[in-house]
Structure formats: C-alpha cells, structure tokens
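Examining the three-dimensional arrangement
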Number of protein chains: 2
Amino acid sequence: MGKSNLDLIVECDNFPYYEDDRAAYTENLNKYYAFKVSGYNCTLGYILNTVVEKFPWSEKSWAIDSSAQTVTLVTPAGANPAHRSKLVAADIAEAVKQDKFEVLKGWRNENYAVYGPGGEFLLEMERSATPLFGIVSYGAHMTGYVQDESGFKIWVPRRAKNKQTYPSLLDNTVAGGMCTGEMPFECIVREAMEEASLPEAVVRAAIVSRGCVTYSHVRDARAGGETGLIQPEVEYVYDIKLDPETIPKPGDNEVEEFKLLSIPEVQAALERGEFKPNCANIMIDFFVRHGLLTPENEPDYLQIVARLHRRLEFPTVSHCAR
Amino acid sequence: MGKSNLDLIVECDNFPYYEDDRAAYTENLNKYYAFKVSGYNCTLGYILNTVVEKFPWSEKSWAIDSSAQTVTLVTPAGANPAHRSKLVAADIAEAVKQDKFEVLKGWRNENYAVYGPGGEFLLEMERSATPLFGIVSYGAHMTGYVQDESGFKIWVPRRAKNKQTYPSLLDNTVAGGMCTGEMPFECIVREAMEEASLPEAVVRAAIVSRGCVTYSHVRDARAGGETGLIQPEVEYVYDIKLDPETIPKPGDNEVEEFKLLSIPEVQAALERGEFKPNCANIMIDFFVRHGLLTPENEPDYLQIVARLHRRLEFPTVSHCAR
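Report follows, based on the coordinates.

Rules used in this analysis
- Residues numbered from 1 in each chain as written.
- Chains lettered and ligands numbered in written order.
- Predicted model: local features only at pLDDT ≥ 70, side-chain atom pairs only at ≥ 80, totals over all residues.
- Heavy atoms only, no water.
- Pairing = 2+ DSSP bridges.
- Helix = DSSP H or I, 4+ residues; strand = E, 2+ residues; numbered from the N terminus.
- Axes fitted to C-alpha atoms, helices over the stretch in contact; angles between N-to-C directions.
- Core = buried A, V, L, I, M, F, W, Y, C linked by side-chain atoms within 4.5 Å.
- Buried < 20%, exposed > 50% of the residue type's maximum accessible area, 1.4 Å probe, protein only.
- Contact = heavy atoms within 4.5 Å.
- Least-squares fit on C-alpha atoms with pLDDT ≥ 70 in both.
- Buried area = accessible area lost by both parts, 1.4 Å probe.
- Salt bridge = Lys/Arg side-chain N within 4 Å of Asp/Glu carboxyl O.
- Polar contact = N/O pair within 3.5 Å; in protein donor to acceptor, adjacent residues only side chain to side chain.
- Nonpolar A, V, L, I, M, F, W, Y, C, P; charged D, E, K, R; others polar.

Time to look at the sheet that holds strand E4 (residues 70-73) of chain B. All names here are of chain B. Pairing within the open sheet is mixed, and its 4 strands lie in the order E2-E1-E4-E3. If you trace the sheet from one side to the other, it starts and ends with strand E2 (45-48) and strand E3 (62-65), each paired once. Across the sheet, the mean angle separating the axes of adjacent strands is 25 degrees when strand polarity is ignored. Relative to E4, strand E1 (residues 32-37) is paired through 4 bridges, and the arrangement is parallel. Bridged to Val 37 within E4 is Leu 73.

Before going further, it helps to spend a moment on the nonpolar core. Formed by 199 residues in total, the largest nonpolar core has its most connected members in Phe133(A) and Phe133(B). When sequence neighbours within four positions are dropped, the list of residues in contact with Phe133(B) reads Phe35(B), Gly45(B), Tyr46(B), Ile47(B), Phe55(B), Trp57(B), Trp62(B), Val88(B), Ile92(B) and Met125(B).

As a further point, take the relation of the copies chain B and chain A. The two chain copies are related to each other by a rotation about an axis together with a translation along it. For the pair chain B and chain A, the best superposition has an RMSD of 0.0 Å and corresponds to a rotation of 180 degrees with a translation of 0.0 Å parallel to the axis. On this basis, the relationship between the two copies can be described by a two-fold rotation axis. For chain B, the minimum C-alpha distance to the rotation axis belongs to His309(B) and amounts to 3.1 Å. Of the residues that chain B buries at the interface, 100% are likewise interface residues in chain A, meaning the two copies contact each other through the same surface.

Our next topic: the interface of chain B and chain A. On the chain A side, the residues contacting the 48 residues of chain B number 48 residues. Of the roughly 3,800 Å² buried where chain B meets chain A, counting both sides, 56% is carbon and sulfur surface. Area buried by chain B at its contact with chain A is led by Glu296(B), Leu302(B) and Arg311(B), which between them contribute 22% of it. Taken together, chain B and chain A are joined by 3 salt bridges. For Asp20(B), the salt bridge is made with Arg311(A), and the minimal N-O distance between the two is 2.9 Å. Linking chain B with chain A are 16 residue pairs in polar contact (both at pLDDT 80 or more), by the criterion used here. Going through the elements one at a time, helix H2 (22-29), helix H6 (184-196), strand E10 (207-218), strand E11 (230-241), helix H9 (277-289) and helix H10 (301-307) of chain B are the ones with two or more residues in the side of chain B that touches chain A. Among the residues forming the side of chain B that touches chain A, the class breakdown is 25 nonpolar, 11 polar and 12 charged.

Quick look at the structure:
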C-alpha cells in the first residue's frame, strides 16, 4: 500500500492541532521555548529546548526565562531591524565557529526576514538558521503543465543528487525561497528563469497566482541536520500553462532533469513517497484546484483542503505592494 | 470606507480561534454545551446555554450534565440512525408545538445528516433545527462566469424578497444545501437546473470541482431567529465557464433576477455588504483561485486564504463514492 494523499499532507503539516487533543498539544508545546523580541507582545517562533541548551546566547543580547520558556532578544527601545539582525548574526556566527548545529553546515548565505504584528519587519537571519528559531519562512512554487484533449501533463523536475536538502526527490516545476525584501511574483519569475530556463516573457505573460499553501512542519532526518525543529511555511502558489513546444531545462545545478508526467504517473510517484514533502502538498493542491481530486473520489477531501491552508499561529507579513 | 475582504471573511468565520487568545476562547466555549450521542466519544456540535435551558428535552432520551456542559442523546447500544433521528424529531416537534424557538418558524421540511468519527452517519434532523444543535452542515456553491479578452464577468443572482433567510441579498450563481444522502456533484447539478434553469447537459459537461470553503459561523440577526447560534459549514466549490449565449434564469421562487457583473462591480457590491455572508466567501475564494486577488494587491491575503479553509473541530463526513 502506498501513501494516501492525507498521509502525504500529514507528513508535511505534522505539528499538532489544539482541537485534536488539547492535553497532547500543551504537552508538546513544553518541548519548545517561545522566541520573542523585546517591545513586541507576540511569539515569533518555537525553539526546541535542546537548541536553547546548546545555542551560545550572548548575555548582553538575550533574556532566557526558563519558567516561562521564553527566549527574548533584548534591545533598547528604538532598535531597528539592522541592529537586531546584527546581534542575531553575531551569535549565529559563534554557533558556527563552535560547530554547535548540523543545520548550520548547510549555510546558504541568504537572509530570511522575521515579521512582527501587522507584518512589521523586525529582523533578518541566515536561511539555514531559521529552523533553529522556528520562524515562518516564505516561498513561491509554480506548477508548469500542458493540457490537451487527453488531459493534464505536469513538468516534474528531480532534485540534484548533491542538494543539501532532500537530494534526488521530485520537486515542483519551479520553486524557491523568498529572501528579505523579495516579492512572490518576482521571486517565481526569477526562479523560473534560473532553475527551469523558461523565457522571462513567457513566464510573465502566462503565470497565474492561485493562492497559497501553509503548514507547520516538524523536520525529520530527510531535511538534514537536527530533527524536531519546527518550520512553519507559506508557499505562494502559481500555475503556468505551457505550449507543448516550451520545454523546461535545468538552468543551474539544483535540478537533474525535467520529465513531463501524466497525472497517473504523478499520483504513483506521490504514493511511493518520491516527492519532497512540501512539493507533494503543492501537487495535491493542484489536483484539488483542477477538479482531479473531488469530494467523490478522495475520502479525506475535507481534511486535505483544510490542512493545505493551515492558519499559522505566528505573525505573518503582507507582501502587498499597495 | 466599505468592508475589506478580510472584514467579510471574519463576518462569516466569526467563531474564535484558540491561537488568537487562549483565555477568551475558553471563556467563549463556556457559553455552550457540547452535543453528544451515547457510544461516541466526540462532540458533534455546540448548543447555546440559553437553548439548553429552553429546549423541551424529554427525560427518556437525553442526559444533561450541567457541570461537564454536555447534552447527550442516550440510546441503547445497537441503536441505528433511524432510531436516533426519531427521538430527536419528537423533541423538535414538541419545541415547535410549544413555540420555543424563532429558527423553527423557518421550517424547511428537509433533513440534514449528522456524522460521527470516521464519517459514520449517526442521525438526521430537520434543517431549520440544525443551528440549535450547532452541527456541521454541507452545501455546494457554483460560480458561473464568462471570460473574454476584457476579463471575467460573473452571473450574480439576487435572492427573493420573501426568502426566510437573507432576503434580497446577492448570492452565488447556484447554491444549495445538501440533504441526507445527497452527493455534492449531483446536488449542484440539481440546483443549477432548479434555481438557474441551466440545461443539465451544459452543466454536466462544463462544471469543474475547485475545492471547498469551510468556516464556523455565529449567527446574527440577518440569518433570522435566535442570535449566537453556531453554524459550522462545508461548502463544496464549483466553477462553470458559460458561453455568452447561456443565460441563467430564475427557475423557482428563490431568485429574483440574475445579472452579469464585471469584477469591479462584484467587488463594489462586496464592499457595500450586499452579498449573503457565506456567498461573499465563495466570491473571494474565486478571486484568489483566478489570480484576481494576489499577495501583491491584497494586504490580508494569508489570513483570507487560511480562514476560507477552516479546519472544523467536529467530525465531518466523506462524500467519497469509492
């Protein structure tokens, strides 16, 4: 028996829900400290207790409260994002120097932003450190497909064997993380050119925004590095209908090859667990949106649709340009 | 200033979330009793305390526990849905006789089903009584649109002035509640013929299943009858792209007229609060799915998408025919 669609969703959205078991939810939360920034009354992420014990918190920057289970970045009133980011970066650098965490060996040299209430930009930190702090990260995923009288076919890439995370697994046609200041549409256009060699004009003309998929992921061994770290994520979702003549090609070293798969081929690969977990979610969302999964053919339809759109319990940004 | 899209979503999905304010959530829950059925360890709905006080619970059928705040339908082991439904129907008939509740004046003579863990069918009850018990109800909504080089236009009906609920408000092209045993696709096909006079062959050929919208609604005066009653709902969502020649026409006494509105006209009507609340949700979901609302033009995009797909805290059915 292969994995069901709900199995795949639950592998990705695997942080507990309060409503399912109130006692178990609270007990699980005890495994984490809340990450806070002074002056803001909100939790920005969850830090595993074992990370709190190991991380080289510099005394001048951090207040650790072991009874309230909070880790607070303490700065003078009027501190700005650059100031906060510098303090955090210094301690992350120290953690690298002391070789404290496996995840930091996957250093990306990209900064991810942390947002407070109302989407206020509070600070940024190195991408590979974000799972240590359990902060919300943002990305954009696009499904490239062709459609004719025989139905849909989907362009599916296989990740390179030497990728730091999820090597050799299947992926979405184009996908990428959003660095500080990046906007979803521009992010997916850039990635489509870099990763799939799609011409910019084709992408800008044909891309359609289709919503977003959100989940709270607890990392396992496949992600590389420490397990049990929380990674709440927002993936903005795009479709692009391609002419049969437009063939995606690997444009950087991230992708090994692209194959045009039928829906039954994609479903079989999903059942075998061949997709990167969050990319399986995006594929299942595509199936729901295009009427390939329906209430009549998917026994877990309601659970699937709700868990593809988890309401995250941390502040999130608006990428609105208005 | 008109209503924002998030204002509209929150009017419909207005039952509190645990994560927003844990103390307030728990305090609010104290206003309700949990509706249970003996032999099943789950809550099927929330009954307002004031309803518990007024409802003519017959002693032989119900156990009321005021310290645990539970109302349990007690039947011998081996009771079947027909048996349970008969007991509930008898007490609802008594409530009608004693003129206990305003909502029962909107008697529909349609039965809605109540499902337990694993989607097991437990009982059915008269539609107008469901908000008293706070059980999950199911419906299907379809947006009929035309699309040309100038963009989308949407067929929008106005509800009849003499409808029991939400008279004269704007609605989705076709919408209806699902009675016991009904399947979503067949429900929407039937309603499309009855309410909009769309030919069956056109509907069956062009309809596309697009997901579902879920929310927990606390009823206000516009719904008619008692306020504060909870109505958690699942609306299966369909699109149908119509030829310019296919014109929906009122087919029963539920709809006054259909108008073909441009997207700015629909948006303006939403801002003015002219749509029935849950139909506003379906329109906003349409805008998200078709790239009319995007992360770049909607400041509340993430909240909106998550709250269009609330994970309900009660057992739900699978309508899967497999």
